[in-house]
Amino acid sequence: MRPGPIPQDLKRRILKDVLRKNESRDDAFRRIIRSVPKGKVSTYGKVAAAAGYPLYHRAVARLLRTEPLHGLPWQRIVGANGEIKLRGEAAAEQRLRLQMEGVRFRGKRVNMTLYEHQLRSWEALP
């Protein structure tokens, strides 16, 4: 059964909260992102959910946008349909990095059936 639409007031609260710095939430995101192995990918939404923050996919994107590039395997996080959400040179770099790890694309999308890493719940991580 699919959940219903998100109430507008909850959506506004989440969008505001995404913009606030939250070290414990960001640390949980970092742990999950680091758990994605070379040659696999996950999505912004699944990282957020596995970290215990469902609906916070934008906070994952914000973290990756503001984090030093050498700190996380940022290239392994893609959109829900396997599409690279970055634009321009950043998108080309992400695609190249993933290809160097052995990830193959179907057009503009990662084949999620083959390359999606099944994340463990945030509770299961050390």
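Residues numbered from 1 in each chain as written. Predicted model: local features only at pLDDT ≥ 70, side-chain atom pairs only at ≥ 80, totals over all residues. Heavy atoms only, no water.

### A few points about the environment of K21
Point 1. Mapped onto the elements, K21 comes out in the loop between α1 (8-19) and α2 (23-34).
Point 2. Judged by its relative accessible area of 59%, K21 is exposed.
Point 3. Distance from K21 to R62, taken between C-alpha atoms, is 9.8 Å for residues 41 residues apart in sequence. (Helix = DSSP H or I, 4+ residues; strand = E, 2+ residues; numbered from the N terminus. Buried < 20%, exposed > 50% of the residue type's maximum accessible area, 1.4 Å probe, protein only.)

### A few points about the packing of aromatic side chains
Point 1. For the structure on display, the rule yields two aromatic pairs.
Point 2. Ring geometry for F29 versus Y53: centroids 5.8 Å apart, planes at 75°, classification edge-to-face. You can see F29 sitting in helix α2 and its partner Y53 sitting in the loop between α3 (44-50) and α4 (57-66), a full 24 residues away along the chain.
Point 3. Under the relative-accessibility criterion, F29 is labelled buried at 0%.
Point 4. Since its relative accessible area comes to 24%, Y53 is described here as partly exposed.
Point 5. Members of the aromatic cluster, each reached through a chain of ring pairs, are F29, Y53 and Y56.
Point 6. If you follow R95 out to its NZ or CZ, it ends over the ring of F105, 4.1 Å from the centre. (Phe/Tyr/Trp six-rings, centres within 6.5 Å; stacked < 30°, edge-to-face > 60°. Lys NZ or Arg CZ within 6 Å of the ring centre and 35° of its normal.)

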